[in-house]
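What follows is each chain in one-letter form.
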Amino acid sequence: METGTAGGTSRPAWVGLPGGLLSLRRLLLVIWTVPLAAGTALLLGLTAGPAWAATGALWLGGLAWGWVLLGRNWRSWRYAERADDLLISRGVLWREETVVPYGRMQLVEVTSGPLERRFGLASVQLHTAAAATDAKIPGLVPAEAERLRDRLTELGEARSAGL
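Residues numbered from 1 in each chain as written. Predicted model: local features only at pLDDT ≥ 70, side-chain atom pairs only at ≥ 80, totals over all residues. Heavy atoms only, no water.

Asker: Honestly, the sheet that holds strand β3 (residues 85-90) in this entry has me stumped. Any pointers?
Answerer: Reading across the sheet, the four strands line up as β1-β2-β3-β4 and stay open at both edges, with antiparallel pairing between neighbours. In this open sheet, the two edge strands, each paired with only one partner strand, are β1 (15-16) and β4 (96-101). Bridge count for β1 against strand β2 (residues 78-81) is two bridges, and the pairing is antiparallel. Bridge assignment links Gly16 to a residue of β2, and that residue is Arg78. (Pairing = 2+ DSSP bridges. Helix = DSSP H or I, 4+ residues; strand = E, 2+ residues; numbered from the N terminus.)

Structure, rendered in structure tokens:
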């Protein structure tokens, strides 16, 4: 797929997300599904009989399925800095590629919630004049998130001078 803007390269240099985001999401999946499986098995085992307790294993099947899907989703996230804009690509079944021109960025912020901080992660949120084009890059290492914020802010100021 040939993409590019004036002054950019024909093929962007894509950067994937670090593995900490995948670990965090998989941990959350386990934290939610294992108690649900145990609770379902216990409740049905006590009320409907021991044979029904095996229904709790459905949650474990969901855990296995979610484990694979989270890995595929994590691998689909990537971003590329080009001469005039930032590309963000994500999605497995429905691919979504967002192009954010540096001159249209109004605000670039780095956020990190309690779990993200525990896993050493941060997210970069890009705000533009059009609400539909706001973009987010989750799960970056804080140093990379800050570097990206500073670079995008610098490029945004330089590109917006003519507006």
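Asker: Whenever I open this one, the sheet that holds strand β6 (residues 122-128) confuses me. Can you help?
Answerer: In any sheet, the strands associate via hydrogen bonds between backbone groups, in a parallel or an antiparallel arrangement. Strand order in the open sheet formed by three strands is β5-β6-β7, with antiparallel pairing between adjacent strands. Looking at strand neighbours, the two that pair on one side only are β5 (105-111) and β7 (135-140), the edges of this open sheet. In this sheet, neighbouring strand axes are inclined to one another by 15 degrees on average, regardless of whether the strands run parallel or antiparallel. Across six bridges, β5 lies against β6 in antiparallel orientation. By the bridge assignment, Thr111 is partnered in β6 with Ser123. (Axes fitted to C-alpha atoms, helices over the stretch in contact; angles between N-to-C directions.)

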